[in-house]
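# Architecture at a glance
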Amino acid sequence: MTAKDTMRAKGAQVIGAMKEVVGKATHNRKLQAEGKAEKAAGHGLDAKEKAAHRLRRH
């Protein structure tokens, strides 16, 4: 996993979590859903990179 890919995945997770919190605080369901989706995408990207890294090691 490259540092750039790691930062991209973590960044998506953080931004998604922030959008989710702001959406919840402002009662904006669209923003809250967008945040959940972005956070999930970040977790997916992180998992994909970790799996690719494991395959390259073996």
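For the structure given in this document, a descriptive report is provided here. (Residues numbered from 1 in each chain as written. Predicted model: local features only at pLDDT ≥ 70, side-chain atom pairs only at ≥ 80, totals over all residues. Heavy atoms only, no water.)

### Overview of the side chain of Gln 32
Its location among the elements puts Gln 32 in helix α2 (residues 29-57). Each residue touching Gln 32, except ones within four places of it in the same chain, is listed here: Lys 19, Glu 20, Gly 23 and Lys 24. (Helix = DSSP H or I, 4+ residues; strand = E, 2+ residues; numbered from the N terminus. Contact = heavy atoms within 4.5 Å.)

### Some remarks on the pattern of salt bridges
All told, the structure shown has seven salt bridges when counted by the stated rule. Across the pair Arg 8 and Asp 5 runs a salt bridge whose closest N-O atoms are separated by 3.5 Å. Placement of the pair is Arg 8 and Asp 5 together in helix α1 (residues 3-25), with a separation of three residues, close to one helical turn. With a relative accessible area of 46%, Arg 8 lands in the partly exposed category. With a closest N to O distance of 3.0 Å, Glu 38 and Lys 19 form a salt bridge. One end of the pair, Glu 38, is in helix α2; the other, Lys 19, is in helix α1, with 19 residues separating them in the sequence. Each of the salt bridges in this network shares a partner with another, and the network as a whole consists of Lys 10, Asp 46 and Lys 50. (Salt bridge = Lys/Arg side-chain N within 4 Å of Asp/Glu carboxyl O. Buried < 20%, exposed > 50% of the residue type's maximum accessible area, 1.4 Å probe, protein only.)

### Quick word on the environment of Glu 49
Position of Glu 49 relative to the elements: it lies in helix α2. Residue Glu 49 is classed as buried on the basis of its relative accessible area of 10%. For the pair Glu 49 and Ala 9, spaced 40 residues apart in sequence, the C-alpha separation works out to 9.0 Å.

### Focus: α1
Here α1 spans 33 Å end to end across 23 residues, near enough to the 33 Å set by a 1.5 Å rise per residue. Every buried residue belonging to α1 is among Asp 5, Ala 9, Ala 12, Gln 13, Gly 16, Glu 20 and Gly 23, and all of these are buried. Those residues of α1 that are buried lie in contact with α2. Two residues or fewer after α1 comes His 27, characterised by a positive phi angle close to 60°. (Expected span 1.5 Å × (residues − 1).)

Honestly, that's just the spatial picture; any functional story needs more than this.
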